[in-house]
Structure formats: structure tokens, C-alpha cells
Amino acid sequence: MKSQARDSLRRCFEDCKSLVREKNCAPIMVRLAWHECGNYDRYEGDGGSVGSIRFEKELDHAANAGLGSALELLAPLKERYADVSHADLIQMASAASIEVSGGPKIPMRYGRVDAASDEAVPPEGRLPDGEAPFHQADGPCPGEVSEDASAAAHLRRVFSRMGFDDRDVVALSGAHTIGRAYKERSGLPSKDATKYTDQGPGRPGGMSWTKSWLTFDNSYFKVLVDASQGKEDEDLFRMSTDAVLLEDEGFSPHCHEFARDQEAFFVAYAAAHAKLSELGAHFVPPEGIRL
Ligand code: HEM
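Every value quoted in this text rests on a predicted model; they were computed, and no experiment measured them. (Residues numbered from 1 in each chain as written. Predicted model: local features only at pLDDT ≥ 70, side-chain atom pairs only at ≥ 80, totals over all residues. Heavy atoms only, no water.)

Per the secondary structure count, the protein chain includes eleven helices and two strands. For the protein chain, the N- to C-terminal ordering of α and β elements is α-α-α-α-α-α-α-β-β-α-α-α-α. Its C-alpha radius of gyration of 18 Å places the protein chain within 12% of the 19 Å reference for a compact globule of 291 residues. Reported as C-alpha extents along the three principal axes, the dimensions of the protein chain are approximately 60 × 45 × 35 Å. Counting the 291 residues in the protein chain, one finds 53% classified as buried. (Helix = DSSP H or I, 4+ residues; strand = E, 2+ residues; numbered from the N terminus. Rg over C-alpha atoms; globule rule 2.2 N^0.38 Å. Buried < 20%, exposed > 50% of the residue type's maximum accessible area, 1.4 Å probe, protein only.)

The following block contains the structure:
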């Protein structure tokens, strides 16, 4: 039984890689999987990797703008592999995307059980804001309103609610080494397109954090260090929550280390990504299935 499931998961993983190569859709797959997990609350015990982002109620949350297109791209695979859960498929497509983009192999487990209905959708507003005003009614304890309105405190509140520390926050933020932000989605970038994005590949436009925004490497951290040394590139995007990784004394040693040492980034990223992918998940079998 388990070997049959593993065989199906392995074939599905290969098809995810082909889809990502064909459609140049690695960034949106990684964002989809992160938003599915990033609403996990370890105090409330809800949210996380349960497939609930497939429900309109969650997809309609403002932070999820644009993610419907990623689910549409995955729909034929879900049909082909009916025995693979939505939650597994979403996480698998993200892990495959990191690999296809040149990043580390993520030590994934599969066997996540899907939430049956949209009753599993947690309250809106748990994902991080990129710019002020940073919501302050976000923990760490339920109902607690913080007095600190800074980007650093916001990141710590949001990520400690999921069980992550400073190094994890910096490593996970490194996922912005791929992808772009769009005016019509988050509304945050100052430009509709840049010299790095106006020709695609894929859909043209948006602002990327790095020049080669389909390559997963440590250039996100190098760009942050360069900008802090006056070598700013106006065609690259940076939010307050990106810049603070170099400014805050708890985050900045990790940021400098990852800018110097890509291997250290890959090791930290792979572990944090795998942990993120399992938040709130119920596995059958309980130990999960490794490919
Ligand atoms: C640290 C706090 C974070 C904030 C404030 C943040 C915010 C954002 C915003 C505003 C966008 C642009 C959305 C758009 O306009 O389409 C974005 C894109 C993206 N985010 Fe994050 N993010 C954070 C952490 C993460 C994490 C932890 C991951 C994955 C592990 C991630 C992966 C991505 C990717 C890959 C994109 C590009 C999507 C695309 O090109 O379509 N982000 N993020």
C-alpha cells in the first residue's frame, strides 16, 4: 500500500518539475505553498498545511491575491493523481520548484490529509505585511496586542507564532531570491515592470528582488548587502521586511553569513522549508512517506 502511494508520489513529483520548467512558474508555486502554511497558529492549533487554500474563503484573503492561477496550473495534476492530497500536491510543487530553480533538495514527507471543508480556514490577517502599518494584534499569545510597531517585531511575532526563530526568518525570507511583486496584487512595488522583468520569461512585468529571478541562489542576501553599501539598483524590489534583515541585530549576522556562504543558506533554507511544509499537517501514515 505504502509502496503504491510512494510510486504515485514519485511520478507526481516528476510531473511537477516538468510543469514548473514548462511554465516558468516556480515563484508562484513557492508562494502558494508558503501562504497555505503561513497561517498556522501553534497556540490555536489551526491553519497550516491542510489544503484549505483551495477553498474560496481562504483564497479570497487579501494576502492571497493572484494565487488562484497557481491552483489552476496544478488542477490537471490533481486530476491525474487523485490519490495525492491537495495539501501534498501544493507542498510538492513548491519543493520541486526550489529544485528546478537550482536550490537545495528539500527533505520532504508526504501523506498530508486534506481538510474536508472551509470550516478549517483560519481567520484572515495572519500572514506578514511587507510595509507599515504592521498589524500588532498578532500574538505571540492569543489576544495579545504588541506595543512595538516595527518591522522586526512584526516578523518575530508572526514567525514565532509558527514556531520559527531569527535564523529561520532570515533563511525563509531568502525565498525572495526568486519571483516578483506586482502592483495589481500586493500593490507594493513602485514600478509595473523593470529591465529584468519586462521580457518575461513567462508573464512579463512586476519587480523582482534579484536580477535572475528564476534562479534560486543567495543573491537575495548579496543584493541587500550591496544596497546597504550604497550600491542600490532601482530596478530591484525591497520591502521594509526585507531591509530589516540587515538592520536588526538579531537578523543581521545570519543575513551576512548567507550573503557570504551559499551552502550555509541552502542548509538552513532546506530545513526551515521542510518544517514550514509540515505545520498543522496530519499525516497518514503518521510517520509520513519519503520519496
Ligand atoms: C518575511 C515576510 C514576508 C513578506 C512580508 C512577504 C511578502 C511578499 C509580497 C508582498 C510578495 C509580492 C506578492 C505580489 O505582489 O504578487 C511576495 C512574493 C513572494 N514571496 Fe513573500 N513574503 C514573506 C515571506 C516569504 C516566505 C517565507 C516565502 C517562502 C518560503 C516567500 C516566497 C515568496 C515568493 C516566491 C514570491 C514571488 C511570487 C511570484 O513571483 O509570483 N515569501 N512576498
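If you check helix α2 (residues 26-37), its first and last C-alpha atoms are 17 Å apart, about what twelve residues at 1.5 Å a residue would give, namely 16 Å. For α2, the tally of buried residues reaches ten of twelve residues, placing the bulk of the element in the interior. Those residues of α2 that fall on the buried side of the exposure criterion are A26, P27, I28, M29, V30, L32, A33, H35, E36 and C37. Residues of α2 that are buried in the fold lie against α1 (2-23), α3 (56-59), α4 (68-80), α5 (86-100) and α11 (262-278). (Expected span 1.5 Å × (residues − 1). Contact = heavy atoms within 4.5 Å.)

Here we take up the packing of helix α10 (residues 252-260) against α11. The geometry of α10 relative to α11 is characterised by a closest axis approach of 5 Å and an angle of 120 degrees between their N-to-C directions. Between α10 and α11, the crossing angle belongs to the class labelled oblique. The residues of α11 that touch α10, namely those facing E257, F258 and R260, are Q262, A264, F265 and A268. Grouping the constituent residues of the contact of α10 with α11 by class yields four nonpolar, one polar and two charged. (Axes fitted to C-alpha atoms, helices over the stretch in contact; angles between N-to-C directions. Parallel < 35°, antiparallel > 145°, perpendicular 65-115°, else oblique. Nonpolar A, V, L, I, M, F, W, Y, C, P; charged D, E, K, R; others polar.)

Time to look at the coordination of the iron atom of the ligand. In this structure the iron atom of the ligand is ligated by exactly one protein donor, H176 (NE2), at 2.1 Å. Inspection of the secondary structure assignment puts H176 in the loop between α7 (166-173) and β1 (180-181). (Donors = N, O, S within 2.8 Å, 3.2 Å for Na, K, Ca; no water.)

The next point concerns the site of the ligand. In the vicinity of the ligand lie 26 residues, with W34, H176, R180, Y182 and S186 positioned nearest. Within the side chain of H176, one N or O atom sits 2.9 Å away from a nitrogen atom of the ligand. With respect to the ligand, the side chain of S186 contributes an N or O atom lying 2.7 Å from an oxygen atom. Counting only elements with at least two residues in the shell around the ligand, the list comes to α2, α6 (151-162), α7 and β1. When residues in the shell around the ligand are grouped by element, the largest group, five residues, is from α2. Looking at the shell around the ligand residue by residue, the class counts come to 16 nonpolar, six polar and four charged. (Near = heavy atom within 4 Å. Polar contact = N/O pair within 3.5 Å; in protein donor to acceptor, adjacent residues only side chain to side chain.)

A rise of 1.5 Å per residue sets the reference length of α1, with its 22 residues, at 32 Å; its end C-alpha atoms lie 31 Å apart and thus fit the reference within 8%. All of the buried residues in α1 are S8, L9, C12, F13, C16, K17, L19 and V20. Looking at the residues trailing α1, positive phi occurs at N24, about 50 degrees.

What follows concerns the environment of S101. Relative to the assigned elements, S101 resides in the loop between α5 and α6. Separated by 112 residues in sequence, S101 and W213 have C-alpha atoms that sit 9.2 Å apart. Among all residues touching S101, those that are not within four sequence positions of it are A26, I178, L214, T215 and F216. Within polar-contact distance, the side chain of S101 engages the backbone oxygen of S97 at 2.7 Å.

Looking at the assigned domains, one finds that the protein chain contains domain 1 (2-124) and domain 2 (151-270). Spacing between the C-alpha centres of domain 1 and domain 2 amounts to 22 Å. Each partner contributes to the interface: domain 1 provides 23 residues, whereas domain 2 provides 18 residues. Summed over both sides, the interface between domain 1 and domain 2 buries roughly 1600 Å², with carbon and sulfur atoms accounting for 67% of that surface. Seen at the junction of domain 1 and domain 2, the total is zero salt bridges. (Domains from an automatic or database assignment. Buried area = accessible area lost by both parts, 1.4 Å probe. Salt bridge = Lys/Arg side-chain N within 4 Å of Asp/Glu carboxyl O.)

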